[in-house]
Amino acid sequence: MNLVRSELLKIRTTSTWWIFGLISLPLWILALLFNWLQTDALAGGTLEDVPAEQADQIQAVQSADSLAANIYTNGQFFGLLIVMLLGIIVVTSEFFHQTVTTTFLTAPHRTAVMMAKLVAGAVIAMLFWLVTTALNLVFGALILNSVDVGAQFGSGAVWRAVGLNALAYLLWSVLGVGIGVLIRSQIGATVTGILLYLGGSIGAIAVLALLASKYGEWINKLQVAVPSLASSLMVSGAEIPGNPPRWVGAAVLIGYAVLAGVIGALTLRRRDIS
Amino acid sequence: MSDGQRSPTTDSGQIVVSGLTKQYKNVRAVDNLSFTVASGRVTGFLGPNGAGKTTTLRMLLNLVTPSGGGATIGGQRYVDLADPLRHVGAVLEASSAHKGRTGINHLRVICAAAGLPKQRADEALALVGLTPAAKRKFKGYSLGMKQRLGIAAAMLGDPRVLILDEPANGLDPEGIRWMRGFLKGLAHEGRTVLVSSHLLSEMQLLADDVVIIAAGKLIRQGPVEQVLGSMAQGGQVRVRTPQADELVAALRAQSATVETGEHGVLLVGGLDAPAIGKVALAAKVELHELTPERPDLERVFLELTAGKAGIR
Ligand SMILES: Nc1ncnc2c1ncn2[C@@H]1O[C@H](COP(=O)(O)OP(=O)(O)OP(=O)(O)O)[C@@H](O)[C@H]1O
Ligand SMILES: [Mg+2]
């Protein structure tokens, strides 16, 4: 508990958190504008000339539940990235500024330190989620009302999406801490994290599509094994026909987070600090 | 050792290093090293560059895993201490604080982790005279201020044992004098003070005991006086006289050894200063100087580590 307090104090006493907060704000506004336009288009049914086989997918996306879920999880794309980067920095800044010596002198049980960092990262992630969600609920309701869909606050699917969004924030912060332990270099870890989050999905889709054309359609189902794709599956507003169920995405992401945490803790325990 | 009443089990400040070994890929940084450090004394930990001092201290503090052997503080391994900061304070690197964090916040972070009250941070800062710079960011600190902040961090838990790696680095003469008084004071209060250093003249002023290592192995351990006394070059006396030839003849008659140094100084061995004075008086020789040569740590150190120094 003391260690968690100390980790949170570490974050509070440097400029990192508010710099990330400041970066997040314009990104959130941008996302909101984008989602506003999209909601407007979908609710108005202006996307007409779509091939027949995609029609029921579109229909699923167009449902009121789906539109509301989408707008109430607005800002997620960059939010998850920011939270992961914060998780990375919680660890790598200790090596960058050589404070890890002091940290381990104060708390020689390294697994406890790792746990404290995971919890601190999670707390920050939850704060980011809380603020974003509060803003989303206010502005999202305004947008939904403006396109005559209604706020949908009574819908269970909406709150499920909001809850899964929280889980996504949590898991990406854990992944961030894990990456930070495995790659001590601040720049190296940050670049790897961003690649994993952004490039990883595009690259993986390309590779899987290539493999699928060779070995058959089933390989495309492996998409869910890619962290960023699992994450986006998990938080998609409603079950979309043709995709694996959302819990699979959640399970995969939880698996990665646990793996990152355990490998990180084991690595930290063995490492010589010299 | 000096304190008969304290048995080893009740001396919570004693450091015992036994058979400590660290093998890196190509270097045996520390090689089967054993020594003890007593409480109530300042112990200087000396060795040429790359001798393995830092590695030894880091193994003692559970930062580096030994390849063999072990070390205890007050009978316990560092990792087993319930409240490590209340037992042991360590100053390892000058630059180990977040550059964007203020000095006081650096200490508060440590207090929070160690479960120490927040005001210990202010007290420790005052102890090292850094209060005026409390709210300045670490990157704006001078080398000496960084070193003082490190000492403040080590003192947060009011520890019985202090371990410092090259604490005099970057301190000005005033700072070094302050540090000397500070560490001696701590040892005087009964604490254990283990200091690694290169500054041998400073160590001669500061240390009660020394542990000298080279190439990862123990060379000599003991009280400073004893280590100095063990060397051959001890016991010579510097003598200056306008009647050198007569004195040399008289001294040689007493089977003393005489060497001629710079500017006509005579270095006399085999007789102590009073005896030389007597010989001179008997020979009616006028003396201008009669000084027993005190062997210094630097010369002893260089002699002891000769051929074992050098970067590995
Ligand atoms: N992490 C490491 N990996 C490989 N070799 C290392 C490592 N740390 C230290 N060494 C080697 O171990 C030996 C002892 O180093 P150490 O830093 O303990 O010496 P030292 O006595 O503190 O030297 P100095 O007086 O220069 O500070 C050196 O040869 C060094 O190159
Ligand atoms: Mg060193």
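On a predicted model such as this, the values are computed, not experimentally measured, just so you know.

(A) Representation of helix α1 (residues 2-12) of chain A. Among the residues of α1 of chain A, those classed as buried are L3, V4, S6, E7, L9, K10 and I11 of chain A. Looking at the buried residues of α1 of chain A, the elements they touch are α2 (16-44), α5 (76-96), α6 (100-106) and α7 (110-146) of chain A together with α3 (103-114) of chain B.

(B) The site of ligand 1, seen in detail. Close contacts around ligand 1 come from 15 residues, with N49, G50, K53, T54 and T55 of chain B the closest. Neighbouring residues of ligand 1 are distributed over chains A and B. One nitrogen or oxygen atom from the main chain of G50 of chain B is found 2.8 Å from an oxygen atom belonging to ligand 1. A51 of chain B is positioned such that a nitrogen or oxygen atom in its backbone is 3.2 Å from an oxygen atom of ligand 1. Burial of ligand 1 by the protein amounts to 67% of the accessible area it has alone, namely 640 Å².

(C) Molecular detail of the confidence of the model for chain B. Residues and elements named next belong to chain B. Scored by pLDDT, chain B comes out at a mean of 88, with 93% of its residues at no less than 70. Within the model, the stretch residues 1-9 combines pLDDT values under 50 with five contacts to residues more than four positions away or in other chains. Predicted complex metrics record ipTM = 0.85 and pTM = 0.85.

(D) Local environment of the packing of α5 of chain A against α7 of chain A. All names here are of chain A. With their axes 9 Å apart at the nearest point, α5 and α7 run at an angle of 150 degrees to one another. With respect to α7, the element α5 is oriented roughly antiparallel. Note that α5 runs across α7; the crossing there is right-handed. Facing α5, whose interface residues are I82, V83, L86, V90, V91 and E94, α7 presents K117, I124, A125 and F128. Grouping the constituent residues of the contact of α5 with α7 by class yields eight nonpolar, no polar and two charged.

(E) Inspection of the domain arrangement of chain B at higher detail. You can read the domains of chain B as domain 1 (3-224) and domain 2 (237-293). Its C-alpha centre places domain 1 of chain B at a distance of 46 Å from the equivalent point of domain 2 of chain B.

(F) Inspection of the packing of aromatic side chains at higher detail. With the rule as written, the count across this model stands at nine aromatic pairs over all chains. The interplanar angle of 45 degrees and the centroid separation of 5.5 Å between the aromatic rings of F77 of chain A and Y197 of chain A together place this pair among those described as tilted. Residue F77 of chain A is found in helix α5, and its partner Y197 of chain A is found in helix α9 (residues 186-215); the two are separated by 120 residues along the sequence. The exposure class of F77 of chain A is partly exposed, given its relative accessible area of 46%. Feature note: the residues F77, F78, W172 and Y197 of chain A constitute an aromatic cluster, connected by ring pairs. Sitting above the plane of the F95 of chain A ring, R184 of chain A keeps its charged end 5.7 Å from the centroid. Here R148 of chain B stacks its cationic end above the ring of W178 of chain B, 4.3 Å away from the centre of that ring.

(G) Region of the structure containing helix α4 (residues 119-127) of chain B. Residue and element names in this part refer to chain B. Residues R120, A121, A124 and L125 constitute the buried set of α4. Mapping the buried residues of α4 onto a view down its axis gives an arc of 135 degrees, with all of them on the same face. Those residues of α4 hidden inside the fold are in contact with α3 and α5 (143-155). G129, located one to two residues past α4, shows a positive phi value of around 75 degrees.

(H) Structural view of the pattern of salt bridges. All names here are of chain A. The full count for this structure, using the stated rule, is 17 salt bridges over all chains. One salt bridge connects K10 with E94, and the closest N-O pair in it is separated by 2.6 Å. A residue pair is termed long-range when its members are at least 10 positions apart, and K10 in helix α1 and E94 in helix α5 qualify at 84 residues. Overall, K10 belongs to the buried group, its relative accessible area being 12%.

(I) Inspection of the sheet that holds strand β1 (residues 15-23) of chain B at higher detail. Residues and elements named next belong to chain B. As summarised here, the arrangement of the three strands in space is β2-β1-β4, forming an open sheet in which the pairing is antiparallel. Looking at which strands have only one partner, the edges of the open sheet turn out to be β2 (28-37) and β4 (68-73). Adjacent strand axes in the sheet meet at a mean angle of 15 degrees, parallel and antiparallel pairs treated alike. Where β1 lies against β2, six bridges are found, and the strand directions are antiparallel. Following the sheet pairing, K22 is matched in β2 by V30.

(J) Structural view of the nonpolar core. In this structure, Y72 of chain A together with I15, L61, L107, I163 and L183 of chain B are the most contacted members of the largest nonpolar core, which totals 148 residues. No other element matches helix α8 (residues 156-182) of chain A, which puts 13 residues into this core. Residues contacting I15 of chain B, with those up to four places away along its chain left out, are F35, T36, V37, L60, T72, I73, V161, I163, T192 and L194 of chain B. If you look at the next biggest cluster of nonpolar residues, it comprises 16 residues, including V239, V248, V258 and A280 of chain B.

(K) Spotlight on the interface of chain A and chain B. The interface of chain A with chain B comprises 25 residues on the first partner and 30 residues on the second. Approximately 2500 Å² of surface area, both sides summed, lies buried where chain A meets chain B, with 56% of it carried by carbon and sulfur atoms. Applying the counting criterion to the chain A and chain B interface returns one salt bridge. Put simply, K22 of chain B and D272 of chain A hold a salt bridge, and the shortest N to O gap is 2.8 Å. Here chain A and chain B share 14 residue pairs in polar contact (both at pLDDT 80 or more) between them. The set of elements that each furnish at least two residues to the side of chain A that touches chain B consists of α1 and α6 of chain A. No other element matches the six residues that α1 of chain A contributes to the side of chain A that touches chain B. Taken together, the residues that form the side of chain A that touches chain B break down as six nonpolar, 13 polar and six charged.

What counts, and where the lines are drawn
- Residues numbered from 1 in each chain as written.
- Chains lettered and ligands numbered in written order.
- Predicted model: local features only at pLDDT ≥ 70, side-chain atom pairs only at ≥ 80, totals over all residues.
- Heavy atoms only, no water.
- Buried < 20%, exposed > 50% of the residue type's maximum accessible area, 1.4 Å probe, protein only.
- Helix = DSSP H or I, 4+ residues; strand = E, 2+ residues; numbered from the N terminus.
- Contact = heavy atoms within 4.5 Å.
- Near = heavy atom within 4 Å.
- Polar contact = N/O pair within 3.5 Å; in protein donor to acceptor, adjacent residues only side chain to side chain.
- Areas by Shrake-Rupley, 256 points an atom, 1.4 Å probe, with all protein chains shown as cover.
- pLDDT = per-residue confidence, 0-100.
- Axes fitted to C-alpha atoms, helices over the stretch in contact; angles between N-to-C directions.
- Parallel < 35°, antiparallel > 145°, perpendicular 65-115°, else oblique.
- Left-handed = near helix turned anticlockwise from the far one by under 90°.
- Nonpolar A, V, L, I, M, F, W, Y, C, P; charged D, E, K, R; others polar.
- Domains from an automatic or database assignment.
- Phe/Tyr/Trp six-rings, centres within 6.5 Å; stacked < 30°, edge-to-face > 60°.
- Lys NZ or Arg CZ within 6 Å of the ring centre and 35° of its normal.
- Arc of directions from axis to C-beta.
- Salt bridge = Lys/Arg side-chain N within 4 Å of Asp/Glu carboxyl O.
- Pairing = 2+ DSSP bridges.
- Core = buried A, V, L, I, M, F, W, Y, C linked by side-chain atoms within 4.5 Å.
- Buried area = accessible area lost by both parts, 1.4 Å probe.

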